Amino acid sequence: QQAFFKCSSIDKVELGDNLETIGKEAFKFCDAVTDVVIPGSVKNWEMGAFAECSSLKNVTVEQGVKSLPHYTFSACESLEKVVLPDGMTSITTNVFDGCKSLKNINIPESVGYIGECSFKNCEALEKINIPSGISVISPELFQNCKVLNNVVIPDSVTSIEESAFSGCTLLSDL
């Protein structure tokens, strides 16, 4: 828990291929980190692992990782590029909440659950394709995505929850 919390001089994080666990808020507030690769060996990680890393720009999650825990990258305001693997099954709550520089993200078709507020306040997010395994668009999922203009909602969606798209003032294509 909080292993490298507020270690502001760490600028590069290279996690070994045998790493299995990342503790709660392990790298939270590591403001110099710009790039992170999460090895496929990571099976257990707790919430907020990389939250509020203000310089984080690029994240690659390798094949084998099945889920992104709560608040994993929340408030990483410089985050621009995220690569998620095929085979990932869930993105839990608030994972990318407040990632103001994130313009696009490809969510793998294998994802069957996206938790509430996961993309809330992603002010640069322009378009999103919701995977065909999603049946519920969670509350506040895309709230305040101010430039979101294109959303592809698959036939599998049976429910759009409260405030899912509120504040998406440029949304024109569904």
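Structure report, in brief.

1. Here we look at the pattern of salt bridges
Enumeration over the complete set of coordinates arrives at five salt bridges. Salt-bridge contacts for Glu-25 lead to Lys-28; the nearest nitrogen and oxygen are separated by 3.4 Å. An identical accessibility class is assigned to Glu-25 and Lys-28; each is buried. For Lys-28, the salt bridge goes to Glu-52, with nearest N and O atoms at 3.9 Å. On the criterion of sequence distance, the pair formed by Lys-28 in the loop between β2 (21-22) and β3 (35-38) and Glu-52 in the loop between β4 (44-45) and β5 (58-61) is long-range, its members being 24 residues apart. For Lys-28, a relative accessible area of 15% corresponds to the buried category. Connected through shared salt-bridge partners, Glu-25, Lys-28 and Glu-52 make up one network.

2. Section: the sheet that holds strand β8 (residues 90-91)
Strands sit in the order β6-β8-β9 across an open sheet of three strands; the sheet is parallel. The open sheet has two edge strands, β6 (67-68) and β9 (113-114), and neither has a second partner.

3. As for unusual backbone geometry
Here the phi dihedral of Ala-75 falls at roughly 60°; this positive angle occurs in a residue that is not glycine. Tracing the chain through its elements places Ala-75 in the loop between β6 and β7 (81-83). Owing to a relative accessible area of 27%, Ala-75 belongs among the partly exposed residues under this scheme. In this structure, Asn-121 takes a positive phi of about 65° despite not being glycine.

4. Remarks on the pairing of β5
What you see with β5 is a clean split: Val-59 and Val-61 sit on the buried side and Asn-58 and Thr-60 on the side with no burial. Relative to β5, β3 is paired through four bridges, and the arrangement is parallel. When the sheet's bridge partners are listed, Val-37 is paired in β5 with Thr-60. One ladder, built from three bridges, connects β5 with β7; its direction is parallel. Across the sheet, Asn-58 pairs through a bridge with Lys-81, a residue of β7.

5. Observations regarding the nonpolar core
By size, the foremost hydrophobic cluster in this structure holds 50 residues, and its most contacted members are Phe-50, Leu-56, Leu-68, Phe-73, Phe-96, Phe-119 and Phe-142. Of all the elements in the fold, those that place two or more residues in this core are β3 and β5. The contacts of Phe-142, once residues within four sequence positions are left out, are Phe-119, Leu-125, Ile-128, Ile-130, Leu-148, Ala-164, Phe-165, Ser-166 and Cys-168.

Reading guide: rules and limits
Residues numbered from 1 in each chain as written. Predicted model: local features only at pLDDT ≥ 70, side-chain atom pairs only at ≥ 80, totals over all residues. Heavy atoms only, no water. Salt bridge = Lys/Arg side-chain N within 4 Å of Asp/Glu carboxyl O. Buried < 20%, exposed > 50% of the residue type's maximum accessible area, 1.4 Å probe, protein only. Helix = DSSP H or I, 4+ residues; strand = E, 2+ residues; numbered from the N terminus. Pairing = 2+ DSSP bridges. Core = buried A, V, L, I, M, F, W, Y, C linked by side-chain atoms within 4.5 Å. Contact = heavy atoms within 4.5 Å.

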